[in-house]
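Descriptive analysis of the structure
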Amino acid sequence: MKKYFLTFFSFTLILFIVSSCSNNSKKIKQKTTTPKEKTFALVIHGGAGTIKKEYLSEAQEKAYRKKLEEALNAGYTVLEEGGSSITAVQKAINVMENSPLFNAGKGAVFNSIGKQEMDASIMDGKTLNSGAVAGVQHIKNPINAAILVKDSTRHVMLSGKGAEDFAKQYHLAMEDAKYFYTEKRYQQLLKMQKRDSIQLDHSTSMINTLIDDHKLGTVGCVALDKNGNIAAGTSTGGMTNKKYGRIGDSPIIGAGTYANNISCGISATGTGEFFIRTLAAHEVSALMMYKGLSLKEALKQVIHVEIDSLGGDGGLIGLDKDGHIAWDFNTAGMYRGYKTSAGDQKIEIYNQ
Ligand code: ASP
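Residues numbered from 1 in each chain as written. Predicted model: local features only at pLDDT ≥ 70, side-chain atom pairs only at ≥ 80, totals over all residues. Heavy atoms only, no water.

Focus: the overall build of the protein
For the protein, the helix and strand inventory stands at 10 helices and 12 strands. Per-residue burial for the protein yields a buried fraction of 54% across its 352 residues. At a minimum sequence separation of 6, the contacts of the protein that also span at least 24 residues come to 68%. For the protein, the exposed surface amounts to about 16200 Å²; the carbon and sulfur share of it is 56%. (Helix = DSSP H or I, 4+ residues; strand = E, 2+ residues; numbered from the N terminus. Buried < 20%, exposed > 50% of the residue type's maximum accessible area, 1.4 Å probe, protein only. Contact = heavy atoms within 4.5 Å. Areas by Shrake-Rupley, 256 points an atom, 1.4 Å probe, with all protein chains shown as cover.)

Shown next, in the form of structure tokens:
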């Protein structure tokens, strides 16, 4: 009898211990499944260059500000609704690609043989998965093709006809040359060819004759979503009168675009060759990770020391893992803006 009682007692004790353990683990689980809502934010650029107040009419400035605001809101809405930073970057960039105001998608600049060859890339800071397209001529939104390369291939970059065939296979919107054409960009090419030079579509030396044309540029976006994931993307037509087949920094991961959840996300604009040679976007992240620099300090080092010392020009936008936003450039201006879940919003054009 005593034996039976002892067995019954030990069995009850074990049951009690097991059930209290599982209650504890439920409590622990409950704690971890209700995280505090994180901050979210995005920052965009629409190109850097010789953008001075005296070169923009009031109406032009208004149009740029309006489009930048539209792009910010498109990305912000995605983040606010709990969407991913990748989708936010895509939506913000789509707004600028679809506007002839910027050198990406519709309104891209012409190369030396009068064609528009566009480049774009995207990077996911959580997985480091990346996608890019280069030298595409008919994809309406090159950033969408870059995302598709990231998600649906084992590769990082597709170029030219291969990239276009791939985009068609996935039914991405395609357009003919007429859609991308703008008279202003074409005139810009003709003027540039007269000088027989290759330059940024908005660089200083074009200023005298291209007063009206020098202020448009590449577009980019970096976003941080509610899950703490950073994404960065860049889309461009490149540089006016570039050699056909030339590929700039924008589709090169580490040069024009970089994102890593443990450091920051970056998108670049400027004379691409300098951003490739310095691996500018990744360099910012490396300076933060290995030298302990803040985002702001790292941007300053890359633009005002590394790019400057090679004679390059342009700018960078960035956002770190805690949602801090910064930008820097060594040109007269850069179309730029940000919006955060804390209610901060800013749109700026000139160097002030
Ligand atoms: N970085 C681009 C390129 O070199 C041009 C630009 O940002 O305006 O293709």
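From this point, the narrative continues.
Brief notes about the site of the ligand
Residues in contact with the ligand amount to 12 residues; listed here are only the nearest, T218, R246, D249, T269 and G270. The separation between an oxygen atom of the ligand and a polar side-chain atom of R246 is 2.8 Å. The separation between a nitrogen atom of the ligand and a polar side-chain atom of D249 is 2.7 Å. Across the complex, the protein chains shield 100% of the 270 Å² of accessible surface that the ligand would expose by itself. Of the residues that constitute the shell around the ligand, the class distribution is two nonpolar, eight polar and two charged. (Near = heavy atom within 4 Å. Polar contact = N/O pair within 3.5 Å; in protein donor to acceptor, adjacent residues only side chain to side chain. Nonpolar A, V, L, I, M, F, W, Y, C, P; charged D, E, K, R; others polar.)

With respect to the nonpolar core
L42 and I44 are the most contacted members of the largest nonpolar core, which has 49 residues in total. If you look at the next biggest cluster of nonpolar residues, it comprises 34 residues, including A41, A232, L295 and L319. (Core = buried A, V, L, I, M, F, W, Y, C linked by side-chain atoms within 4.5 Å.)

Observations regarding the packing of helix 2 (residues 58–80) against helix 3 (residues 85–97)
Where helix 2 meets helix 3, the closest approach of the two axes is 8 Å, and the angle between their N-to-C directions is 160°. One element, helix 2, and the other, helix 3, form an angle in the roughly antiparallel class. In this structure, helix 2 meets helix 3 at a crossing whose hand is right-handed. Where helix 2 approaches helix 3, its residues K67, L68, E70, A71, A74, G75, V78 and L79 are matched on the opposing element by S85, T87, A88, K91, A92, V95 and M96. Here the contact of helix 2 with helix 3 is built from residues that sort into nine nonpolar, three polar and three charged. (Axes fitted to C-alpha atoms, helices over the stretch in contact; angles between N-to-C directions. Parallel < 35°, antiparallel > 145°, perpendicular 65-115°, else oblique. Left-handed = near helix turned anticlockwise from the far one by under 90°.)

Some thoughts on the packing of helix 3 against helix 4 (residues 142–152)
Packed helix pairs are characterised by how far apart their axes lie and by the angle those axes make with each other. Two numbers describe how helix 3 lies on helix 4: the axes approach to 8 Å, and their chain directions differ by 155°. Judged on the interaxial angle alone, helix 4 and helix 3 are roughly antiparallel. Across from I86, Q90, I93, N94 and E97 in helix 3, the residues of helix 4 making contact are P142, I143, N144, I147 and K150. Partitioned by chemical class, the residues of the contact of helix 3 with helix 4 number five nonpolar, three polar and two charged.

Things to note about the environment of Y181
Residue position: Y181 is located in the loop between helix 6 (177–180) and helix 7 (183–195). The spatial distance from the C-alpha of Y181 to the C-alpha of G107 is 6.0 Å, given a sequence separation of 74 residues. Those residues within four positions of Y181 in sequence are excluded, and the remaining contacts are F110, Q116 and Y186. At 2.5 Å, the side chain of Y181 forms a polar contact with the side chain of E183.

Comments concerning the confidence of the model for the protein
Per-residue pLDDT for the protein averages 88, and the proportion of residues at 70 or more is 84%. Per-residue pLDDT stays below 50 along residues 204–215; that stretch engages in 36 contacts with residues further than four places along the chain or on separate chains. (pLDDT = per-residue confidence, 0-100.)

Observations concerning the layout of surface pockets
What the largest pocket holds in volume is close to 150 Å³. As for the largest pocket, its lining consists of 13 residues, and the residues nearest its centre are A41, G323, I325, T340 and D344. Grouping the constituent residues of the lining of the largest pocket by class yields six nonpolar, five polar and two charged. (1 Å grid on protein atoms, 1.4 Å probe; cavity = no way out; pocket = protein on both sides within 12 Å on 5 of 7 lines; lining within 4 Å. Points joined across faces, edges and corners; volume = space filled by probe spheres on them.)

A few points about helix 3
Between its terminal C-alpha atoms helix 3 stretches 18 Å, which fits the 18 Å expected from 13 residues at 1.5 Å a residue. Burial analysis of helix 3 places 11 of its 13 residues in the buried class, the great majority of the element. All of the buried residues along helix 3 are S85, I86, A88, V89, Q90, A92, I93, N94, V95, M96 and E97. Residues of helix 3 that are buried sit in contact with strand 1 (41–49), helix 2, strand 2 (118–124), helix 4, strand 5 (219–224) and strand 6 (230–236). (Expected span 1.5 Å × (residues − 1).)

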